[in-house]
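Analysis of the macromolecular model
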Amino acid sequence: MNSLVSRGSLFDDFFKDFAPGFYVRPLHGDGLPAPSQIKIDVKEDDAAYTVHAEVPGVPKEDINVSIDGNVVSLRAEVRQHDEKKEGEKVLRSERYFGSVARSFQLPADVDAAQAKARYDNGVLTLTLPKLQGARAQRLAIE
């Protein structure tokens, strides 16, 4: 499910922290985020779940949210590129393309028809109403 090309590893992170002057970063800002870098907060009340997911630097048109029962999947297409300005001589041009995805399971099914999504300042907010009648039941043990 994770179709992201890894641009770092635990070994790279060790050297970045241990010898920051030794570690060479790309010329174009940060590399692609890892799936684990989509940080989420999930809150619950009696009627719905509220999910806050950090997806900075990605236009809302490049974010896809799907709901299948109680499984929520987030997918973001990441595109970073440098722009050439008139009168500049380009010595090196780097582009980063890829996607990052994350899925998680909620305790109860979600009413996908009533779900809402809002994206503001790099934070995706999902309001996911619980499906009525899909409450967990405790089985009596005979």
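Before any of the text, the structure's been laid out above.
Residues numbered from 1 in each chain as written. Predicted model: local features only at pLDDT ≥ 70, side-chain atom pairs only at ≥ 80, totals over all residues. Heavy atoms only, no water.

Attention shifts here to the overall build of the protein. Check the secondary structure of the protein and you find 1 helix and 7 strands. Counting from the amino terminus, the protein carries its helices and strands in the arrangement α-β-β-β-β-β-β-β. Looking at the protein residue by residue over its 142 residues, the buried ones come to 25%. Partitioning the contacts of the protein with sequence separation of at least 6, the portion at a separation of at least 24 is 61%. Accessible area for the protein stands at about 10700 Å²; split by element, carbon and sulfur atoms hold 50% of it. (Helix = DSSP H or I, 4+ residues; strand = E, 2+ residues; numbered from the N terminus. Buried < 20%, exposed > 50% of the residue type's maximum accessible area, 1.4 Å probe, protein only. Contact = heavy atoms within 4.5 Å. Areas by Shrake-Rupley, 256 points an atom, 1.4 Å probe, with all protein chains shown as cover.)

For N121, which is not glycine, the phi torsion reads 50° and is therefore positive. Checked against the element boundaries, N121 lands in the loop between β6 (116–120) and β7 (123–129). Judged by its relative accessible area of 73%, N121 is exposed.

A full pass over the atoms with the stated rule returns 0 aromatic pairs. Between K130 and the ring centre of Y49, over which it is positioned, the NZ or CZ distance is 5.0 Å. (Phe/Tyr/Trp six-rings, centres within 6.5 Å; stacked < 30°, edge-to-face > 60°. Lys NZ or Arg CZ within 6 Å of the ring centre and 35° of its normal.)

With antiparallel pairing, 4 strands are arranged side by side in an open sheet as β1-β2-β7-β6. Each having just a single partner strand, β1 (40–44) and β6 make up the two edges of the open sheet. For this sheet, the mean inter-axis angle between neighbouring strands, taken without regard to orientation, is 15°. Sheet topology note: the β1/strand β2 (residues 48–54) ladder contains 5 bridges and is antiparallel. Bridging across to β2, K43 finds its partner in T50. (Pairing = 2+ DSSP bridges. Axes fitted to C-alpha atoms, helices over the stretch in contact; angles between N-to-C directions.)

Bringing the side chain of S73 into the picture now. Looking at where S73 falls in the secondary structure, it is placed in strand β4 (residues 71–81). Residue classification places S73 among the buried residues on the basis of a relative accessible area of 17%. Of note is the side chain of S73, whose polar atom sits 2.8 Å from the side chain of S103. (Polar contact = N/O pair within 3.5 Å; in protein donor to acceptor, adjacent residues only side chain to side chain.)

Distances and angles like these do not, on their own, reveal function.
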